[in-house]
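Secondary and tertiary structure notes
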Amino acid sequence: MQAKVEAFCEKYRLFNEDEIQKVQLRHRFQLAQSFGIEEGMTVLEIGCGQGDMTVVLADKVGASGHVTAIDIASEDYGAPLTLGQSHQKIKQTVLGERISFHLDTDFLSF
């Protein structure tokens, strides 16, 4: 799994220098595998936060799939990066084409 995480970080140029993030990515890849996420799927992620799981889901669904990621928090929430900053960084990668982020979302009205 470590090799998969390293390849992911290199491919998408995300989290290369963040060892804690890499540990979290290993866990997220295991979760996505247990969910049965496959290429071409459309996935709704509720509570996307800064997008750590979102990028794993986007990788799993591939270029023909899509992830709709929603959260109740606002764009300026979070640290060390805000949700908005983190999402912008993700949107600048090829994964960004597969993701729609929706913040300040009332889950009951979605």
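Residues numbered from 1 in each chain as written. Predicted model: local features only at pLDDT ≥ 70, side-chain atom pairs only at ≥ 80, totals over all residues. Heavy atoms only, no water.

For the protein chain, an unreviewed UniProt entry supplies the name Methyltransferase domain-containing protein and the organism Tetzosporium hominis.

A few words now on the nonpolar core. In this structure, Phe8, Leu25, Val55, Leu95 and Ile99 are the most contacted members of the largest nonpolar core, which totals 24 residues. No other element matches helix α3 (residues 52-61), which puts six residues into this core. Excluding its chain neighbours within four sequence positions, the residues that come into contact with phenylalanine 8 are Arg13, Phe15, Leu25, Phe29, Val55, Asp59 and Leu95. (Core = buried A, V, L, I, M, F, W, Y, C linked by side-chain atoms within 4.5 Å. Buried < 20%, exposed > 50% of the residue type's maximum accessible area, 1.4 Å probe, protein only. Helix = DSSP H or I, 4+ residues; strand = E, 2+ residues; numbered from the N terminus. Contact = heavy atoms within 4.5 Å.)

All right, on to the pairing of strand β1 (residues 42-46) then. Judged by which residues are buried, β1 turns out to be one-sided: Val43 and Glu45 face inward and are buried, whereas Thr42, Leu44 and Ile46, on the alternate face, are not. Where β1 meets strand β2 (residues 66-70), five bridges bridge the pair, whose relative direction is parallel. Among the inter-strand pairings, glutamate 45 is bridged to a residue of β2, identified as alanine 69. Once the chain exits β1 it traverses α3 before rejoining the sheet at β2, and the crossover so formed is right-handed. (Pairing = 2+ DSSP bridges. Right-handed = clockwise from strand over helix to strand, strands pointing away.)

Taking the numbering used here, the UniProt-annotated feature "domain: Methyltransferase" (unreviewed entry) corresponds to residues 38-75. Across residues 38-75 one finds 26% helix and 26% strand; the C-alpha atoms that close the span lie 29 Å apart. (UniProt positions renumbered as here; feature names shortened; annotations may be inferred.)

Residues of helix α1 (residues 2-12) that are buried: Val5, Phe8, Cys9 and Tyr12. End-on, the buried residues of α1 take up no more than an arc of 95 degrees, which puts them together on one face. For α1, the exposed residues lying more than 90 degrees away from the buried face are Ala3, Glu10 and Lys11. In the segment just after α1, arginine 13 is the residue with positive phi, at about 55 degrees. (Arc of directions from axis to C-beta.)

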